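The primary structure of each chain is shown beneath.
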Amino acid sequence: MASSVSSQQDKVLVEANSFARIITLNRPKQLNALSFQMISRLLELFLAYEEDPNVKLIILKGKGRAFSVGGDVATLVRDMRADDWRVGANFFSQVFKLIYLIATYSKPQVSILNGIVMGGGAGISVHGRFRVATENTSFAMPEAALGLFPDVAASYFLSRFPGFLGEYVGLTGSRLDGAEMLACGLATHFVPSAKLPLLEAALCDVDSSDPVIISSIIDQYSKQPSLKELSVYNRRLDVIDRCFSQRTVEEIISALEREDVHQSDSWISATIQTLKKSSPTSLKIFLRSIREGRLQGVGQCLVREYRMVSHVMQGELSKDFFEGCRATLLDKDKNPNWEPSKLELIDDARVDCYFCKVKHEEWEDLKLPNRSQFELPPYAIAKL
Amino acid sequence: MDRAFQRTQILTNHLLQFSPPSPLSSNACLSYSPPELSESYAFDVKEMRKLIDGHNVEERDWLFGLMRQSKLFNPEEKGGKVFVSPDYNQSTEQQREMTWKRIEHLLERGAFKGWLTEEGEEIEMRKFAGFEVSSIYDHSLFTKLGVHFFLWGGAIKFLGTKHHHEKWLRDTENYSIKGCFAMTELGHGSNVRGVETVTTYDSNTGEFVINTPCETAQKYWIGGAANHATHTVVFSQLHINGTNQGVHAFIVQIRDADGNICPNVRIADCGHKIGLNGVDNGRIWFDNVRVPRENLLNSVADVSPDGKYLSSIENPDQRFAAFMAPLTVGRVNIACSSVYQSKVALAISVRYALTRRAFSLKPNEPEVLLLDYPSHQRRLIPLIAKTYAMSFAANYLKMLYVKRTPQSNKIIHIVSSSFKATFTWTNMQILQECREACGGQGLKTENRVGHLKGEYDVQSTFEGDNNILMQQVSKALFAEYMAAQKRNKAFKGLGLEHMNKPCPIIPSQLTSSTLRSSQFLMDALCLRERDLLNRFVADVSKCKSEGESTQQAFLMCYQLAEDLGRAFSDRAIFQTFIEAEATLPAGSLKDVLGTLRSLYALICLEDASYVRYGYLSVENGASVRREITKICSELRPHALALVTSFGIPDAFLSPIAFNWIEANSWSSV
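Since this is a predicted model, take the numbers as computed values, not measurements. (Residues numbered from 1 in each chain as written. Chains lettered and ligands numbered in written order. Predicted model: local features only at pLDDT ≥ 70, side-chain atom pairs only at ≥ 80, totals over all residues. Heavy atoms only, no water.)

*Asks:* When you look at the environment of B:Lys219 in this model, what are you seeing that I'm missing?
*Replies:* Residue and element names in this part refer to chain B. Assignment of secondary structure puts Lys 219 in strand 6 (residues 219-223). Lys 219 sits 153 residues away from Asp 372 along the chain, and the two C-alpha atoms are 52 Å apart. Beyond its immediate stretch of four places on either side in the chain, Lys 219 contacts Ala 182, Met 183, Thr 184, Glu 185, Val 195, Thr 197, Val 234, Phe 235, Gly 282, Arg 283, Ile 284 and Phe 286. From its side chain, Lys 219 meets the backbone oxygen of Ala 182 in a polar contact 3.4 Å long. (Helix = DSSP H or I, 4+ residues; strand = E, 2+ residues; numbered from the N terminus. Contact = heavy atoms within 4.5 Å. Polar contact = N/O pair within 3.5 Å; in protein donor to acceptor, adjacent residues only side chain to side chain.)

Set out below in structure tokens:
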């Protein structure tokens, strides 16, 4: 990773336009995967803008066909092989601090999600005040297939979806389009991509941080999209509610199998197949995580997820993350050997371990920045 | 003239709109600041929750999640947060239908799986957790489930035999049938042995004939009877060949598959109540209803086809006690759920007291947070200590119940009676204090604390009137005393072993460290129990020697009996606190629990009996009070962490626990 500082800075472009600051993720070939340096740069910018009275609004977008596919895991795994697991933990600690800052930010952030939004990409956008989806938006949290689990406070925002849709999206990694994101509250607006330049220009004319004013500007370019006929949101919420509300992953799968007997349906069997292909450990720890997250604030969710992700990086409980990255990102044989290989082999005590502190003298719980010095507006703590 | 001048000044201010003297002066309007921003946690609240919830934490969160995610549980957004709570402004009929729909929803998602068809400690504890969570949402939901699973289901399980189990338990668990429990009558509540419903046996047809002979024999308060129940267990005198064999239990179908009331059964509504309107309490009359012989729940006694009465238990007293078995688990369940209502109310009122201010000490200074007033601390913090104590005692009681043996039945009866009475009374006291601590906001139904009083008041009389339960406790202690004396043996069980040791002595000077030592506190609690038991025995014996019957003697010594019951209960609860504390390694968790433990016991030492019987000198009494105020201010910084550890999800608290300014703003109207 011998890239010069300037080339790293190019990966995050900044444009000042009267009271607005437009931040563009600029790593289009890697679909704007977020490197450690990019995260640090974002953290720096957000901190500075909060103090700067000349900044009233932040616009965040991505260059190319993705907003961002999330953390640059391929590089991370390479770096960790060279060094040790704490590099990984450190990466996530930085990401989570950025997310907490965004989730409690005192100025409005408008994220323009005109393309792929995954994992960390969702993390740096959905916790902000306004999320604009378009007809090009495709959202997913596919970590369970990678031997990781939906993090970036996904246990907070997925659990706020209607019914048990959050469990479904997090466990299966299924995609949501712009209309679906709007329906479940993940997006606040839907703007056809053709109108984005106009929207941006209008936002740059704003001299206020008042969310009501900003919302009404975005409203002018918004339209109400209709859900696709086959959308899960249209057709599957009942089944999802019945099955994904079950107590355990095993019970979720058997509930789906029962449904499959009643009404043979390719969507159900595909869902079962996806679950069976994912890392059993990932599924179990994510289910526990979202169930706890439903009842917690965003800060508590991040602290818990940091414990979990540190265990995943440390690799003492399971090496599924490394195996998943090998099979999907490096060797690309798409045939990971999960260990433990079956859901039944993972008991509650084993899942518990992921939620305990990591036993290592240099490791400590995530320390969230103290945000009490800011007059946080009422919407700053929870938005979904 | 001064007044006129002042008035003019105010009017001028209004008209001229003075600009603030300096740009640094604070905004005149109050703003909401979440307590989390100013308070910090000195211990791990998650560990604390695990300790006081005691079991099935994930199961609880899963159930909370099921309710939180369903429209049926009436989610409403207030101040940027979603709260779930029934709409108590609905009509009685609507509330009943909603309660039933919520049960169906939980049923479909497997929330009751194994509740009657599986055996063992694991499922019993899971069931308790499920009940506690349902009670946090709504007492009607809890009660309707309790009647169906614990009373109806429990009666089948404990009073029935194999063929009853096979026939009814699975159908009950999946709600193919809906059960209720017809014990109480208009004329007889706590005195079940006096019920007037009569059952005879017709050997020609092999049927029992159940009859309500007079108006006072109508079954009353039968939860589920007014709308939903299809079956009931009827408690009735059994007359065989002219001999009354005492109270027995029979299964009777009261509605058909279409929901119509069966022939020879009449049902009426109990009407609107001060709370629990989601439960369809009804009244039932039986007009010589015929049921097959197999419908007698025959684990205790049976009637042969030709009409002979057969019982393995000769003694009618013991036979009756066996019939009361299903009520024990109900009492355990009620006791445990009441602790959770205290948790809800305290979490709400403490969070409010950490964000609401009133009065400035000096002009132009910010107003003072409610919880920074020593008097407000004195009102709420001891109640937190009590709630922690009750949590540990509730966990002990549940373990005692699930690990029951035939030998431990008596202990379970005594402990569950005393804890049920103590917890439910304490809960009502806590709810009232919390409601007042929230001021006018406590009156709003959406804020829960005030409303819970109406909902939970019934706990002090159902499944055993608290006063009667406490009398039973004293009587049982009396019996223990007599048995030990008669056989000249040491006391064993019920925690009475301290009676065998020399009488503890209270030091004349009480230092702060003495007042906080668990040894001293335990001594002080034992001393009172011991002395009151001695006095009670002496007074009862004296009455008897003057020619009164034993029963009459008990009645006359009621004042001592009440004090003794409380003394036993306080000491037994304290014991469980010390045991829970002992399981912890040294650290921040243990430290704060140690302080709470001392506070709990010191509050008990404030009871009038300590001065009435002279266990504490006037001077000692003053030291106790002083120490209590000191501990309250020491615990003040932990207040938020202590109530957060109760583990009640935000959605199950109320708007005043969070941003109550936003929740009441014009834009939210």
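*Asks:* What should I look at first to understand the confidence of the model for chain B in this one?
*Replies:* Note: predicted coordinates in regions of low pLDDT should not be interpreted at a detailed level. Residues and elements named next belong to chain B. Per-residue pLDDT for chain B averages 93, and the proportion of residues at 70 or more is 96%. Counted against residues more than four places away or in other chains, residues 17-27, with its pLDDT under 50, gives three contacts. Confidence metrics for the complex model read pTM 0.86 and ipTM 0.71. (pLDDT = per-residue confidence, 0-100.)

*Asks:* So what exactly am I meant to see when it comes to the packing of helix 7 (residues 165-172) of chain A against helix 15 (residues 280-293) of chain A here?
*Replies:* Residues and elements named next belong to chain A. Running from N to C, helix 7 and helix 15 point in directions that differ by 150°, and their axes come no closer than 10 Å. Considered as vectors, helix 7 and helix 15 are oriented roughly antiparallel to each other. Seen from above, helix 7 lies across helix 15 with right-handed handedness. Packed against helix 7, whose contacting residues are Gly 166, Glu 167, Gly 170 and Leu 171, the element helix 15 presents Leu 283, Phe 286, Leu 287, Ile 290 and Arg 291 at the interface. Class assignment of the residues belonging to the contact of helix 7 with helix 15 gives a composition of five nonpolar, two polar and two charged. (Axes fitted to C-alpha atoms, helices over the stretch in contact; angles between N-to-C directions. Parallel < 35°, antiparallel > 145°, perpendicular 65-115°, else oblique. Left-handed = near helix turned anticlockwise from the far one by under 90°. Nonpolar A, V, L, I, M, F, W, Y, C, P; charged D, E, K, R; others polar.)

*Asks:* What is the right way to read a positive patch on the surface from this model?
*Replies:* Residues and elements named next belong to chain B. Residues Lys 486, Arg 487, Lys 489 and Lys 492 make up a contiguous surface patch of positive charge. Among the structural elements, Lys 492 can be located in the loop between helix 14 (466-486) and helix 15 (512-516). Judged by relative accessible area, which is 72%, Lys 492 ranks as exposed. (Patch = residues over 30% accessible without salt bridge, like charges linked within 9 Å, V, L, I, M, F, W, Y side chains within 5 Å. Areas by Shrake-Rupley, 256 points an atom, 1.4 Å probe, with all protein chains shown as cover. Salt bridge = Lys/Arg side-chain N within 4 Å of Asp/Glu carboxyl O. Lys, Arg positive; Asp, Glu negative; His and termini not counted. Charge placed at Lys NZ, Arg CZ, Asp CG, Glu CD. Buried < 20%, exposed > 50% of the residue type's maximum accessible area, 1.4 Å probe, protein only.)

*Asks:* Teacher, can you tell me more about the packing of aromatic side chains here?
*Replies:* Aromatic ring pairs are described here by two measures, namely the spacing of the ring centres and the angle between the planes. All names here are of chain B. Enumeration according to the criterion identifies 42 aromatic pairs over all chains in this entry. With a centroid separation of 5.6 Å and an interplanar angle of 90°, the aromatic rings of Phe 131 and Phe 142 are classed as edge-to-face. Here the residue Phe 131 occupies a position in helix 6 (residues 121-137), and Phe 142 occupies one in helix 7 (residues 139-159), the gap between them amounting to eleven residues. The two residues Phe 131 and Phe 142 agree in class, both being buried. Members of the aromatic cluster, connected to one another through ring pairs, are Trp 100, Phe 112, Trp 115, Phe 128, Phe 131, Phe 142, Phe 149, Phe 150, Tyr 175 and Tyr 401. (Phe/Tyr/Trp six-rings, centres within 6.5 Å; stacked < 30°, edge-to-face > 60°.)

*Asks:* Can you help me understand empty space enclosed by the protein in this one?
*Replies:* Here the idea is plain: a probe the size of a water molecule rolls over the atoms and shows the empty space left. Residues and elements named next belong to chain B. If you walk through the whole model with that rule in mind, you get nine cavities of 30 Å³ or more. In this structure, the largest cavity is lined by Trp 100, Ile 103, Lys 144, Val 147, His 148, Tyr 175, Lys 178, Gly 179, Gly 223, Gly 224, His 228 and Ala 229. Here the lining of the largest cavity takes three residues from helix 7, the largest share from any one element. Here the residues of the lining of the largest cavity sort into five nonpolar, five polar and two charged. A volume near 70 Å³ is recorded for the second largest cavity. Together, 13 residues line the second largest cavity, and Ser 85, Tyr 88, Arg 448, His 451 and Leu 452 are the ones closest to its centre. Mapped by element, the contributors of at least two residues to the lining of the second largest cavity are helix 6 and helix 13 (449-456). Ranked by residues supplied to the lining of the second largest cavity, first place goes to helix 13 with four residues. Residue composition of the lining of the second largest cavity, grouped by class: four nonpolar, six polar and three charged. (1 Å grid on protein atoms, 1.4 Å probe; cavity = no way out; pocket = protein on both sides within 12 Å on 5 of 7 lines; lining within 4 Å. Points joined across faces, edges and corners; volume = space filled by probe spheres on them.)

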